[in-house]
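# Architecture at a glance
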Amino acid sequence: MSSALNNVNSLRTDVILSIWLILPAIAIFYYWKWSRSRTVRLINAIPGRKPLPLLGNLLHWDVFSEDFYRDMATSWTKKYGPIARVWFGPRPFVAIASPELAQKFLSTTKHYTMANDFSLLGDWLGNSLFLSTGAHWKNRRRLVTPVFHIQNFDSFIDIFNEESSICAAEFEKMIETNPDKEINVTRVMTQCALNIICESAMGQTKLEKEKQVYISNVQRYCQIFIRRVQRPWLSINWIYRMTSLRREYERCLSVMHAFTNKVARERREMFEQSVKKNSDQLPNDVIVDEKPKSTSRFAMVDRLIEASYEGADLDDTGIREEINMLTFAGHDTTSIAMGWFLYLIAKHPTHQQMIVDELDSVFRGDRDRPCTLQDVSELQYMERCIKETLRLYPSVPVLVRKVSQDIEIGGYTIPAGVTVIPFFYYIHHDPDLYPDPEAFKPERFFPENSIDRHPYAFIPFGAGPRHCLECHVRPLVLNPIEVFTSALQKLSVTEEFFN
Ligand code: HEM
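Residues numbered from 1 in each chain as written. Predicted model: local features only at pLDDT ≥ 70, side-chain atom pairs only at ≥ 80, totals over all residues. Heavy atoms only, no water.

## Details of the nonpolar core
Rule in force here: Put simply, a nonpolar core is a bunch of buried Ala, Val, Leu, Ile, Met, Phe, Trp, Tyr and Cys residues held in one set by side-chain atoms that sit within 4.5 Å of each other. The classification of residues rests on relative accessible area computed with a 1.4 Å probe and restricted to protein chains. Under 20% of the type maximum is buried, over 50% is exposed, and intermediate values are partly exposed. Under the DSSP-based scheme used, a helix requires at least four consecutive residues in state H or I and a strand at least two consecutive residues in state E, with every element numbered from the N terminus. Residues count as neighbours in contact if any of their non-hydrogen atoms are within 4.5 Å of one another.
The biggest cluster of nonpolar side chains holds 102 residues, and the ones touching the most others in it are L121, W124 and Y214. Here this core gets twelve residues from one element, more than from any other, and that element is helix α13 (residues 316-347). Excluding its chain neighbours within four sequence positions, the residues that come into contact with L121 are G126, L131, Y221, F225 and F328. Counting 24 residues, the second-largest nonpolar core is a separate cluster that includes L399, I427, I459 and A463.

## Some words on the site of the ligand
The following threshold applies: By convention in this text, a residue qualifies as near a molecule or strand provided that one of its non-hydrogen atoms is within 4 Å of it. In protein, a polar contact means a hydrogen-donor-capable atom and an acceptor-capable atom, both N or O and within 3.5 Å, with residues adjacent in sequence counting only if both atoms are side-chain atoms; elsewhere, any N or O pair within 3.5 Å suffices.
Surveying the vicinity of the ligand reveals 29 residues, the closest of which are W137, R141, R401, R466 and C468. Note that an oxygen atom of the ligand is positioned 2.8 Å from one of the side-chain N or O atoms of W137. Within the backbone of A463, one N or O atom sits 3.5 Å away from an oxygen atom of the ligand. Looking at the shell around the ligand, the elements with two or more residues in it are α6 (134-144), α13 and α19 (473-482).

## Overview of the coordination of the iron atom of the ligand
Operational definition: Metal coordination here is assigned from N, O and S atoms located within 2.8 Å of the ion, or within 3.2 Å for Na, K and Ca; omission of water means that sites may look incomplete.
On the protein, C468 (SG) is the one donor atom to the iron atom of the ligand, at 2.3 Å. On the secondary structure map, C468 appears in the loop between α18 (447-450) and α19.

## Overview of the sheet that holds strand β1 (residues 83-88)
Quick note on the threshold: Strand pairing is defined by DSSP finding a minimum of two bridges between the two strands. Lines fitted to the C-alpha atoms define the axes, with helices restricted to the stretch that makes contact. Angles between their N-to-C directions range from 0 to 180 degrees.
If you walk across this open sheet you meet the five strands as β1-β2-β7-β4-β3, and the pairing is mixed. Lying at the two open borders of the sheet, with one neighbouring strand each, are β1 and β3 (112-114). Strand-to-strand twist across the sheet, computed as the mean angle between neighbouring axes with direction ignored, equals 35°. With three bridges connecting them, β3 and strand β4 (residues 401-403) associate as antiparallel partners. Residue Y112 lies in a different strand from β4, and its bridge partner there is V403. Along the sheet, helix α2 (residues 38-45) contacts β1 and β2 (91-96); its crossing angle with β1, the most-contacted strand, is approximately 130°.

Take a look at the structure:
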């Protein structure tokens, strides 16, 4: 009996031992096969530091540091040139960092799609323009683009003025109650940008209180999204599902969806009432070309509802997706830009004074009157300062795109499936394109100094067919700033920030 037991035990030990030997052998075999695959060979032909087995270049940087991208932009691309590769474990990334290569990559959407990392936003943005590709993207882009016609900004400028005044008052209060102390401009700027975007995207609604709740949920949702991007293990669903973040994320999501659904319904009803009113008033034999408009101020959502009535392929879910997308794409980008602008202006009193002088001249001393689109177009020096801000601190420092078919760039083949990162930050800081690149010099954007610049040397709004729709960003960024004149002059930067 005991010898039978001994036999069973030794058999078990043999089996366990064999498994322990076979499993690593299988793993080594697959690793060896994978490391000789076409993708790996093509990627390793691109300049970059020698990767460690399985870990790739993970140990070569502090990949979880907030400055990781900047470190990579400044050290990696400087060392390896305008095209470089990096392995995050077994996942390769290719960075491109020259105007020529960015142009080659971005000037057509034929060979790329959105990277998988963005699928984290799928619950919120669904099949919106921002996340979609191919024919669906083309269709949505065609529908959303008219919303950004400059004539629509005539109706938005009132919103910019109202929200900017509220923001300026808050800003003044912060300065008054914290004399000679640091203030956090980002919070006020984010609130201002979100108010402006929501108001222009969704219009005035009977749901003002709910709108504020929506805004705070958007802020929280975006914070959680950034945290998930910065901590790669949180994009693994079963790990993420065990965290409390997930519950919070879903709570935000349900508040956001409920709100945008209500807004879409409310605006559609307003639109239908207006159609009915128009048709009731018309004699049967009169044909009117003019399209019915909602009764209150025009909002981006109204243009989408109009399009859906005209037969566009856009149902209520589609409208909700696009409203959410505009809120997402528009708020952080502008608030970051406004925050950095204020920082730079505080740091450079000479430019600050030139801006104030320009404002005085455009407004001819009447600082209380509302700003017009004409004023905005005359604020030329301010515009150059904003461009220089976006050069130094682009709100979107990199793009992340997945190659959908092999592409030849800079003499290397990037195989399908690999993630490519066009590095705007590096391009904007390249000393060959911008001598003394860290210095704040708005004069770089004087026409005579920009004439020979490569069209892809300054691309804070992206470039090519997927470039940002907000090409009339001036009113949006400038307007809050221009009402800040008195606050602007009270700003300076603390020593700590200088370093
Ligand atoms: C300072 C402000 C802004 C900056 C720096 C900025 C930057 C960008 C960048 C870099 C892209 C990606 C372009 C590409 O893939 O080539 C983008 C896309 C986009 N932006 Fe902006 N953006 C700003 C403001 C806004 C605002 C206010 C809105 C709308 C309210 C907006 C709407 C969009 C949309 C809809 C897309 C996606 C376009 C597409 O995929 O077809 N952006 N933006």
